[in-house]
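Structural overview
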Amino acid sequence: MPIVRPAAPVRIDAVELRVLHLPLVSPFTTSFGTETVREVIVVRVRTGDGDGWGEIVTQQAPLYSSEYTQGAWDVTQRFLAPALLDAAAEGVAPEQVSTVLAPFVGHRMAKAGLELAVLDAALRAAGRPLGEYLGATVDRVPSGVSVGIQRDPSALVDAVGGYLDDGYVRIKIKIKPGRDVADTAAVRDAFGAIALQVDANSAYTLEDADTLAELDRFDLLLIEQPLQEDDIVDHAALAARLRTPICLDESIVSAKAARDALALRAAAIINIKAGRVGGYLEAVRVHDLCREAGVPVWCGGMLETGIGRAANAALAALPGFTLPGDLSASDRFYARDIVREPIVLDDGHVRVPTAPGIGVEIDPVALEDATVARVELRR
Ligand code: OSB
Ligand code: MG
């Protein structure tokens with residue numbers, strides 16, 4: 001459903017941006033690389049009624065998406081934040097932020113971070129939780145975990161076993177050419193009929209269809225983004241050759257892209273990430289059109305801090321999110337989160353925050369300790 005009750009405009013006095021470096025509890029390896037430290041941008045908007053917080057989920061290098069942290073840092077200071085500050089002199093409602101930023105092509109993660117900060121400020125001022133605003137219908141959401149590529153299949157089985165012991169209700173393993181069928185077989189053999197899916201992060205081409213078809217025998221929930229971001233027609237061709245449903249992640253950069261992918265039968269399931277589509281409001285639009293089309297969606301993750309993790313829990317509480325998301329606890333990635341109430345796992349679920357705005361408070365000491373760069377922009 002579209003946003004039922006819009007939020008009142010806020011006047012923004014300043015935008016603070018910080019680059020954080022958060023050490024990961026263990027290296028995270030995908031088909032595109034290994035991360036040991038999460039580099040991320042945190043946004044604070046300062047308004048007469050208090051602060052709002054957002055997160056720009058770019059990574060250090062443009063390997064998952066064309067966006068990357070220093071690029072987002074530059075475009076936000078040079079173009080996005082000045083446009084927002086200009087528009088917000090007399091007040092800007094969260095629903096207007098994407099229109100204000102629309103003249104600037106792309107840079108969706110950067111735009112999403114600004115929009116989230118405005119949403120948080122506006123909803124805190126109104127005493128409304130983000131979940132209620134977005135249309136949440138449940139108070140907790142099932143928690144899946146994304147497991148990186150390990151040294152070998154036996155190390156993968158150990159890692160997955162640990163997460164199952166923690167209570168995660170769905171396992172996603174990262175795959176790449178040469179680390180696909182054997183890794184998946186090892187996990188299936190070790191743990192039987194668990195809810196299991198794989199994510200290729202664009203590592204294959206249509207030439208690999210025979211290899212990918214071997215995954216059909218493992219009864220996976222889905223295979224995520226086997227081909228490149230712009231391979232919509234090839235994904236449709238691949239879908240016709242697999243029994244395993246194809247889920248798109250990287251390709252779905254907007255509600256329009258989602259509509260096109262569904263029309264071309266390139267995806268049977270969609271991973272929704274607010275950063276990738278330019279914000280939580282566009283994410284709701286993707287949700288709405290998929291729900292209309294009877295296409296299941298789930299909430300993806302970008303190794304968020306507690307800010308994005310809390311907001312993702314609110315988004316995933318919408319009724320079309322019928323598959324468990326990558327909504328793990330803070331301690332899946334971080335020994336120390338930057339919020340006072342880290343996201344925790346409770347019986348395989350994550351609670352949807354009920355306090356106003358994103359519903360979590362920043363831990364100023366943890367934030368300061370993680371900060372490697374800071375700027376404040378004013379009108
Ligand atoms: O493809 O879903 C992905 C992390 C960074 C970039 C892309 C992806 C991921 C993950 C981690 O799989 C999801 C999470 O935050 O738990
Ligand atoms: Mg993915």
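Not measured: the values here are computed from a predicted model.

Quick look at the pairing of strand β7 (residues 196–199) now. Here β7 shows two buried faces, one formed by Leu-196 and Val-198 and the other by Gln-197 and Asp-199. Sheet topology note: the strand β6 (residues 170–174)/β7 ladder contains 4 bridges and is parallel. What sits directly across from Ile-171, in β7, is Leu-196. A crossover links β6 with its parallel partner β7, the connecting element being helix α6 (residues 181–191), and its sense is right-handed. Bridge analysis of β7 against strand β8 (residues 223–224) gives 2 bridges, and the strand direction is parallel. By the bridge assignment for β8, Asp-199 is matched with Glu-224.

What follows concerns the nonpolar core. Membership of the largest hydrophobic core comes to 125 residues, with the highest contact counts inside it found for Ile-12, Leu-130, Leu-134, Ile-173 and Ile-270. The dominant element in this core, judged by the number of residues it contributes, is helix α3 (residues 108–126), at 10 residues. Two domains each donate at least three residues to this core, and these are domain 1 (12–128 + 362–378) and domain 2 (132–351).

Turning to the packing of helix α1 (residues 69–87) against α3, a few remarks are in order. The contact between α1 and α3 brings their axes to 10 Å, and the two run at 45 degrees. On the basis of their axis angle, the class for α1 and α3 is oblique. For α1 against α3, the interelement crossing comes out right-handed. Where α1 abuts α3, its residues Ala-72, Val-75, Thr-76, Leu-80, Ala-81 and Leu-84 lie against Ala-110, Lys-111, Leu-114 and Val-118. Grouping the constituent residues of the contact of α1 with α3 by class yields 8 nonpolar, 1 polar and 1 charged.

Turning our eyes to something else, we now look at the coordination of the magnesium ion (ligand 2). Protein ligation of the magnesium ion (ligand 2) involves Asp-199 (OD), Glu-224 (OE) and Asp-249 (OD), the donor distances falling in the range 2.0 to 2.3 Å. Between the donor residues of the magnesium ion (ligand 2), the gaps in sequence give the motif D-x24-E-x24-D. Taken together, the residues span a long stretch of sequence, with Asp-199 in strand β7 and Glu-224 in strand β8 at a distance of 25 residues. Overall, Glu-224 belongs to the buried group, its relative accessible area being 0%.

Here we come to the sheet that holds strand β9 (residues 246–248). With parallel pairing, 7 strands are arranged side by side in an open sheet as β5-β6-β7-β8-β9-β10-β11. Across the chains shown, the open sheet's two edge strands, defined by having one partner strand only, are β5 (144–147) and β11 (297–299). Docked against the sheet, helix α11 (residues 280–293) engages β10 (269–272) and β11, running at close to 165 degrees with respect to β10.

The next point concerns the site of ligand 1. Residues in close proximity to ligand 1 total 16 residues, the closest being Ser-146, Lys-174, Asp-199, Asn-201 and Leu-303. Within the side chain of Lys-174, an N or O atom sits 2.8 Å from an oxygen atom of ligand 1. Asp-199 places a side-chain nitrogen or oxygen 2.9 Å from an oxygen atom of ligand 1. Considered class by class, the residues forming the shell around ligand 1 number 5 nonpolar, 4 polar and 7 charged. Residue contributions to the shell around ligand 1 reach at least three from each of two domains, namely domain 1 (12–128 + 362–378) and domain 2 (132–351).

By the largest-angle criterion, Thr-76 marks the main kink of α1, which is about 55 degrees. Among the residues making up α1, those that are buried are Thr-69, Gly-71, Ala-72, Trp-73, Val-75, Thr-76, Leu-80, Ala-81, Ala-83, Leu-84 and Leu-85. Elements that come into contact with the buried residues of α1 comprise β1 (12–30), β2 (33–47), β3 (50–56), α2 (94–101), α3 and β13 (371–378).

Across the sheet, which stays open at both edges, the 4 strands sit in the order β3-β2-β1-β13 with antiparallel pairing between neighbours. Of all strands in the sheet, those bounded by a partner on one side alone are β3 and β13. Ignoring which end each strand starts from, the neighbouring axes of this sheet average 20 degrees apart. One ladder, built from 7 bridges, connects β1 with β13; its direction is antiparallel. In the strand pairing of β13, Glu-16 is matched with Glu-376. Of the strands in this sheet, β1, β2 and β3 are in contact with α3, which crosses β3 at around 155 degrees.

Parameters and conventions
Residues numbered from 1 in each chain as written. Chains lettered and ligands numbered in written order. Predicted model: local features only at pLDDT ≥ 70, side-chain atom pairs only at ≥ 80, totals over all residues. Heavy atoms only, no water. Buried < 20%, exposed > 50% of the residue type's maximum accessible area, 1.4 Å probe, protein only. Helix = DSSP H or I, 4+ residues; strand = E, 2+ residues; numbered from the N terminus. Pairing = 2+ DSSP bridges. Right-handed = clockwise from strand over helix to strand, strands pointing away. Core = buried A, V, L, I, M, F, W, Y, C linked by side-chain atoms within 4.5 Å. Domains from an automatic or database assignment. Axes fitted to C-alpha atoms, helices over the stretch in contact; angles between N-to-C directions. Parallel < 35°, antiparallel > 145°, perpendicular 65-115°, else oblique. Left-handed = near helix turned anticlockwise from the far one by under 90°. Contact = heavy atoms within 4.5 Å. Nonpolar A, V, L, I, M, F, W, Y, C, P; charged D, E, K, R; others polar. Donors = N, O, S within 2.8 Å, 3.2 Å for Na, K, Ca; no water. Near = heavy atom within 4 Å. Polar contact = N/O pair within 3.5 Å; in protein donor to acceptor, adjacent residues only side chain to side chain. Bend = angle between axes of the 7 residues up to and from the residue.

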